[in-house]
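The residues making up each chain are set out below.
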Amino acid sequence: MIASECVPYVKTGGLADVVGALPKALHALGHEVKIIIPKYTKINTERYALQRCHENMGVWMGGNIQEWCSVDQTNLAAGLDVYFIESWKYFGREGLYNDEDNVAFRDNGLRFSFFSRAALQLCIDKDFAPDIIHAHDWQAAPAIAYLKTWHWNTPGLSNTAGVLTIHNIQYQGVFGREDYEYTGLGWEHFTFDKFEYHGNINFLKGGIYFADFVNTVSPTYSYETRVSELGHGLQSSLNHKGNTYLGILNGVDYQEWNPETDQFIPANFSVQDLSGKKVCKTKIQELFHLNVDPDTPIIGVVSRLADQKGLDLLYEAIHLAMHHLQYKMQFVLLGSGDKILEAKYKALPSQYPGQVGTYIGYDNAKAHWIEAGSDFFIMPSNFEPCGLNQMYSLRYGTLPIVRNTGGLADTIEQYSEWSKEKGTGFKYWENNSVAIANTIAWAVSTYHDRPEHIDKMIQRAMSQRFDWENSARTYLEMYRKALH
Ligand code: ADP
Ligand code: GLC
């Protein structure tokens with residue numbers, strides 16, 4: 001399993017949650033898994049008991065380019081090894097992909113082709129002969145190409161199948177062609193069906209070409225990426241894969257996200273006894289300087305502030321809702337990323353004192369608090385490959401308000417006013433701020449006018465499970481087909 005992030009060591013988004021959880025589920029089903037990620041400076045060596053396991057690993061990149069690195073190791077669980085590729089030149093810096101102004105590092109193409117190559121070199125040096133190399137996203141996609149072009153005849157790797165998971169096709173790893181020589185992938189593969197993309201290099205595109213199987217993280221997103229602009233220019237590459245491109249829904253790590261045992265939240269609660277949820281609500285009203293009132297519904301957001309997430313539209317919708325709705329409501333937002341959005345959201349609490357609270361930053365404990373203490377959780381995504389927060393929200397009885405796209409469409413069932421027996425959330429289709437404000441109004445009016453419907457929805461939501469075991473079994477089926 002080769003990836004650029006993994007919980008608990010380093011995380012910027014849902015990719016890390018998946019790379020931390022899927023191997024555990026596969027391992028529990030009796031499979032041997034090894035995870036390889038970069039050793040970024042922010043990974044805490046002592047806390048995770050990293051041990052040096054390879055002092056001088058030579059990584060030849062082709063031609064006369066020879067890199068050297070070392071490798072650390074620890075366990076994610078007993079028998080589940082994690083390896084960290086350490087290169088001061090490439091990973092000895094604060095950010096993972098971007099500098100402190102949120103601008104991508106200029107050498108990302110070199111950093112991640114090196115990382116991908118190094119991951120395979122580690123297999124060779126350590127005599128691992130994996131059945132499957134499973135690469136995640138553009139950062140690891142070149143590993144599949146190295147596997148199929150360089151290592152087709154290398155002992156231990158010659159029978160290995162290559163699988164690529166796309167967590168978000170907006171990020172493709174596109175770099176100027178001047179970086180291509182360094183990768184050593186060979187100009188014969190710099191063609192429009194493989195790595196070439198409008199004159200540039202496209203890591204994800206090359207990975208898609210060389211993989212035996214490609215998947216993304218929900219069935220609806222796998223469809224959307226084939227047939228619409230949501231394929232971000234790679235529609236035809238995906239369609240070429242035929243039935244070797246599929247959607248497999250992510251699961252939830254319920255050890256991490258469980259209101260009955262959550263260590264981060266002020267009070268635990270369960271579907272049988274929701275009293276702790278009320279305590280959590282009061283605590284977030286205090287924490288975010290909102291009016292403390294149990295009868296005002298809170299709408300929570302935890303998100304990267306990226307254009308994918310539709311938070312520019314939400315910003316307008318909050319103004320619309322605050323000005324035009326007669327119902328009481330409050331908003332809390334935790335997020336970081338885009339600097340313009342950060343500034344806009346930072347200024348909101350002073351415009352709606354006691355009604356809106358925002359925290360700009362990355363804070364796992366606060367994310368748990370918001371999941372636990374809010375009444376609703378909103379995800380107004382322009383697109384959403386899977387989305388994990390809506391599934392966490394269900395488990396905490398925090399009803400999702402979502403746009404019907406990607407994994408949000410697959411995991412949330414629409415509420416029906418005519419029947420108490422249906423629905424786990426509120427969905428809308430049109431991608432604009434009025435649709436968001438109207439759906440907020442729908443949810444909030446249901447809260448105030450039909451509380452018995454809300455209670456039923458909470459029961460249903462909390463009883464739903466998106467177990468990793470199920471998803472892992474589907475991954476295993478894909479691995480078997482890939483090997484075949
Ligand atoms: P994406 O991977 O596109 O960001 P997901 O919903 O799959 O979206 O996963 C996001 C993950 O990152 C969730 O676990 C969420 O709680 C977490 N997260 C996002 N932003 C923050 C933040 N500012 N502070 C803490 N956790 C965050
Ligand atoms: C990406 C997607 C998100 C998905 C996550 C994990 O970051 O944006 O929708 O849940 O990957 O697969």
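Cut-off values and rules
Residues numbered from 1 in each chain as written. Chains lettered and ligands numbered in written order. Predicted model: local features only at pLDDT ≥ 70, side-chain atom pairs only at ≥ 80, totals over all residues. Heavy atoms only, no water. Helix = DSSP H or I, 4+ residues; strand = E, 2+ residues; numbered from the N terminus. Rg over C-alpha atoms; globule rule 2.2 N^0.38 Å. Buried < 20%, exposed > 50% of the residue type's maximum accessible area, 1.4 Å probe, protein only. Contact = heavy atoms within 4.5 Å. Lys, Arg positive; Asp, Glu negative; His and termini not counted. Charge placed at Lys NZ, Arg CZ, Asp CG, Glu CD. Phe/Tyr/Trp six-rings, centres within 6.5 Å; stacked < 30°, edge-to-face > 60°. Lys NZ or Arg CZ within 6 Å of the ring centre and 35° of its normal. Near = heavy atom within 4 Å. Polar contact = N/O pair within 3.5 Å; in protein donor to acceptor, adjacent residues only side chain to side chain. Areas by Shrake-Rupley, 256 points an atom, 1.4 Å probe, with all protein chains shown as cover. Nonpolar A, V, L, I, M, F, W, Y, C, P; charged D, E, K, R; others polar. Domains from an automatic or database assignment. Buried area = accessible area lost by both parts, 1.4 Å probe. Salt bridge = Lys/Arg side-chain N within 4 Å of Asp/Glu carboxyl O. Axes fitted to C-alpha atoms, helices over the stretch in contact; angles between N-to-C directions. Parallel < 35°, antiparallel > 145°, perpendicular 65-115°, else oblique. Left-handed = near helix turned anticlockwise from the far one by under 90°.

Peer 1: Which parts of the structure should I look at to understand the overall build of the protein?
Peer 2: When you go through the protein residue by residue, the secondary structure sums to 17 helices and 17 strands. Computed over the C-alpha atoms, the radius of gyration of the protein is 23 Å, within 12% of the 23 Å expected from 2.2 N^0.38 for a compact globule of 484 residues. Buried positions account for 61% of the 484 residues belonging to the protein. Taking the contacts inside the protein whose residues are at least 6 apart along the sequence as the reference set, 70% of them involve residues at least 24 apart. Of the charged side chains in the protein, 42 are positive and 55 negative; the average position of the first set lies 2 Å away from that of the second.

Peer 1: I would appreciate a short explanation of the packing of aromatic side chains in the present structure.
Peer 2: For any pair of aromatic rings, the description rests on two quantities: the centre-to-centre distance and the angle between the ring planes. Following the criterion strictly, the structure yields 33 aromatic pairs and no others. Considering the side-chain rings of F426 and W442, the 5.2 Å spacing of their centres and the 85 degrees angle between planes classify their relative orientation as edge-to-face. Taken together, the residues F426 in strand 17 (residues 426-428) and W442 in helix 15 (residues 433-449) connect sequence positions 16 residues apart. Through pairs of rings, three or more aromatic residues link up here, namely Y40, F91, Y97, F112, F115, W138, F175 and F203. Between R93 and the ring centre of F105, over which it is positioned, the NZ or CZ distance is 4.7 Å. The cationic tip of K366 hangs over the ring face of Y359; the distance from NZ or CZ to the ring centre is 4.1 Å.

Peer 1: Any chance you could explain the site of ligand 2 here in plain terms?
Peer 2: Within the structure, ligand 2 sits among 14 residues, and H167, N250, Q308, E384 and G387 are positioned closest to it. The separation between an oxygen atom of ligand 2 and a polar side-chain atom of E384 is 2.4 Å. G387 has a polar backbone atom sitting 2.8 Å from an oxygen atom of ligand 2. Coverage of ligand 2 by the protein chains reaches 93% of its 310 Å² of free accessible surface. Considering every element that reaches the shell around ligand 2, the biggest residue donor is helix 1 (residues 14-28), with 3 residues. The residue makeup of the shell around ligand 2, split by class, is 6 nonpolar, 6 polar and 2 charged. Viewed by domain, the shell around ligand 2 spans two of them, domain 1 (14-251 + 468-483) and domain 2 (275-463), each represented by three or more residues.

Peer 1: Teacher, can you tell me more about the environment of Q73 here?
Peer 2: Counting through the fold element by element, Q73 comes out in strand 3 (residues 66-77). On a C-alpha basis, the gap between Q73 and Q51 in space is 5.2 Å, while along the polypeptide they are 22 residues apart. Once you skip the residues sitting within four places of it in the chain, Q73 turns out to touch A49, L50, Q51, C53, D81, V82, Y83 and F84.

Peer 1: Teacher, can you tell me more about the domain arrangement of the protein here?
Peer 2: For interface size, the figure often reported is the accessible area lost on association. According to the domain assignment, the protein consists of domain 1 (14-251 + 468-483) and domain 2 (275-463). The C-alpha centroid of domain 2 is placed 33 Å from the C-alpha centroid of domain 1. Counting residues at the interface gives 19 residues for domain 1 and 20 residues for domain 2. Buried surface at the junction of domain 1 and domain 2, summed over both partners, amounts to about 1300 Å²; 57% is from carbon and sulfur atoms. Looking only at domain 1, the three residues that lose the most surface to domain 2 are Q170, T220 and L249, adding up to 25% of its buried area. For the pair domain 1 and domain 2, the number of links is 0 salt bridges. Counting the contacts that link domain 1 with domain 2 gives 8 residue pairs in polar contact (both at pLDDT 80 or more). Among the elements of the structure, helix 1 and helix 7 (219-227) are those that each provide at least two residues to the side of domain 1 that touches domain 2. Of the residues forming the side of domain 1 that touches domain 2, the biggest block, 4 residues, is contributed by helix 7. Residue composition of the side of domain 1 that touches domain 2, grouped by class: 6 nonpolar, 10 polar and 3 charged.

Peer 1: Please explain the site of ligand 1 as it appears in this structure.
Peer 2: Taken together, 21 residues lie near ligand 1, and K11, G14, R304, K309 and G361 sit nearest. Within the backbone of G361, one N or O atom sits 2.8 Å away from a nitrogen atom of ligand 1. Between a nitrogen atom of ligand 1 and a main-chain N or O atom of D363, the distance comes to 3.0 Å. When ligand 1 sits alone it has 560 Å² of accessible area, and the protein chains cover 94% of it. When residues of the shell around ligand 1 are traced back to their parent elements, those giving at least two are helix 1, strand 12 (298-305), strand 13 (330-337), helix 12 (364-373) and helix 13 (389-395). If one sorts the elements of the shell around ligand 1 by residue count, strand 12 sits on top with 3 residues. A per-class count over the shell around ligand 1 returns 6 nonpolar, 9 polar and 6 charged.

Peer 1: Got a minute to help me understand helix 12 in this structure?
Peer 2: An α-helical turn contains 3.6 residues, so any two residues separated by three or four positions project in the same direction. By the criterion of burial, helix 12 is predominantly enclosed, with 7 of the 10 residues buried. Within helix 12, burial applies to K366, A367, H368, I370, E371, A372 and G373. For helix 12, the secondary structure elements touched by its buried residues are helix 9 (275-287), strand 12, strand 13, strand 14 (356-360), strand 15 (376-379) and helix 13. The backbone nitrogen of A365 lies 3.1 Å from a side-chain oxygen of the residue at the head of helix 12, namely D363.

Peer 1: Would you take a moment to explain the packing of helix 4 (residues 137-149) against helix 6 (residues 203-210) for this structure?
Peer 2: Helix-helix packing is described using two parameters, namely the angle between the two axes and the distance between the axes. Where helix 4 meets helix 6, the closest approach of the two axes is 8 Å, and the angle between their N-to-C directions is 45 degrees. Taken together, helix 4 and helix 6 sit at an angle that is classed as oblique. Helix-helix and strand crossings are classified by hand; for helix 4 and helix 6 the assignment is left-handed. On helix 6, the residues that touch D137, W138, A141, P142, I144, A145, K148 and T149 of helix 4 are F203, L204, G207 and F210. A per-class count over the contact of helix 4 with helix 6 returns 8 nonpolar, 2 polar and 2 charged.

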